[in-house]
Amino acid sequence: MNNSAMETLKTCPLCSGNKIGNLWNIEKRGTEIYVEKCAVCGLIFQNPRPLDPNQFYEEDYYSGKASYSYSRNSDEDLPMWDARLSNMEVAIKKRSNNRILDIGCATGDLLLAASKRGWECWGVDVSSHAVKEASRKVKNAKILTGEIFDCDLPENYFDVITLFEVLEHIANPIALLQKINSLLAPGGIIVIQTSNVNSFKGKIQGKNFYYFEPGHLIYYSVNTLRFLLKKTGFKEKEMWIGSELDLKTELKVFSMYYSRIYIFLKKIFNKVIFGDFTAGTVMVVYGRKNL
Ligand SMILES: [Zn+2]
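The text that follows walks through the structure, step by step, so that each part is easy to find. Remember, predicted model here, so these are calculated numbers, not experimental data.

Describing unusual backbone geometry
Geometrically, the link from Asn47 to Pro48 is a cis peptide bond, its omega value of -5° lying close to zero. Along the chain, the position of Pro48 falls in the loop between strand 4 (44-46) and strand 5 (49-50). Even without glycine at this site, Asn97 takes up a positive phi of about 55°. Secondary-structure assignment places Asn97 in the loop between helix 2 (74-92) and strand 6 (99-103).

A word on the nonpolar core
Ranked by internal contacts, the top residues of the largest apolar core, which has 65 residues, are Ile100, Leu111, Ala114, Cys121, Ile161 and Ile190. Here Ile190 is in contact with Ile161, Ile180, Leu184, Phe234 and Gly287, once residues within four sequence places are set aside.

Some details on the sheet that holds strand 7 (residues 120-125)
Through backbone hydrogen bonds, the strands of a sheet pair up, either in parallel or in antiparallel fashion. An order of 8-7-6-9-10-15-12 is seen for the 7 strands of this open sheet, with the pairing classed as mixed. Two strands in the sheet have a free side with no partner beyond their single neighbour: strand 8 (142-145) and strand 12 (234-241). Geometrically, the sheet is characterised by an average inter-axis angle of 15° between neighbouring strands, direction not taken into account. One ladder, built from 5 bridges, connects strand 6 with strand 7; its direction is parallel. Opposite Arg99, over in strand 7, you have Glu120 as the bridge partner.

Topic: the environment of Phe164
Tracing the backbone through its elements, the reader meets Phe164 in strand 9 (residues 158-164). Classification of Phe164 as partly exposed rests on a count of 19 C-beta atoms within 10 Å. Distance from Phe164 to Ile103, taken between C-alpha atoms, is 7.8 Å for residues 61 residues apart in sequence. For Phe164, the residues in contact, after removing those within four places along its chain, are Gly104, Leu110 and Gln193.

Some remarks on helix 5 (residues 173-183)
Buried within helix 5 are the following residues: Pro173, Leu176, Leu177, Ile180, Asn181 and Leu183. Axial view of helix 5: buried residues confined to an arc of 165°, hence all on one face.

Focus: the pairing of strand 8
Pairing analysis gives 4 bridges linking strand 7 to strand 8, with the strands arranged parallel. Across the sheet, residue Asp125 finds its bridge partner in strand 8, namely Thr145.

Definitions and cut-offs
- Residues numbered from 1 in each chain as written.
- Predicted model: local features only at pLDDT ≥ 70, side-chain atom pairs only at ≥ 80, totals over all residues.
- Helix = DSSP H or I, 4+ residues; strand = E, 2+ residues; numbered from the N terminus.
- Core = buried A, V, L, I, M, F, W, Y, C linked by C-beta atoms within 7 Å.
- Buried ≥ 20, exposed ≤ 12 C-beta atoms within 10 Å, placed from the backbone.
- Contact = placed C-beta atoms within 7 Å.
- Pairing = 2+ DSSP bridges.
- Axes fitted to C-alpha atoms, helices over the stretch in contact; angles between N-to-C directions.
- Arc of directions from axis to C-beta.

Structure representation (structure tokens):
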């Protein structure tokens, strides 16, 4: 495929409305990003958009060499993932024989923490480099390369399916969430983390909002993320701004990065929510598969 091939949408990828119009043209690292907004549901998205958004995520992205890298030190992040898994165990009311599928599992940090808690681990990533690294790190995990639609995965099987910083890369979110719904066991949950384009930072930074990236196709808000969940058969269990962890746990797992006072103040800041506007930027939502 020609890497620069583009497609132009005639309708909104969330509500199929045809009242879509240009919001901004942005240049990021030599790539033009055309941002449009749907007048019906408020979705903000790239249009026209790259047919192959994965072109922006080669080996350098995962190894930390690129300036926009997904790079972390696994060992340092283990306590954070462990706490987040503990939170998921409470939500699914299950502490043994848990099954997780991490979509966009990258180099497998979340799956490593899950396997240490005794979870059955599955992962999918478009990067064969990342899959190789994740498979080396997490023994007994089933980690597949490619798009979820091309992978052979069991239906009505998983307790938790996670999308951490993945949803914004997805061209057809409705098809993806419907697929996830079919893979989840009854009562299973989807866990999504993405950034709110209508957050304080989104408003202040405007067209310079850090989330406008060539590989990010859709920029969600509280409302559009909720609408997507509802449309694809999920009942929202809870949404948090910042992280889903309570203050005590955050002080424990984030104290290696930030001062206690910063964590405390950030926690208060993240409580400020007026409808679609949030003071904090990151959104975490749990959705339960409708029974
Ligand atoms: Zn729309």
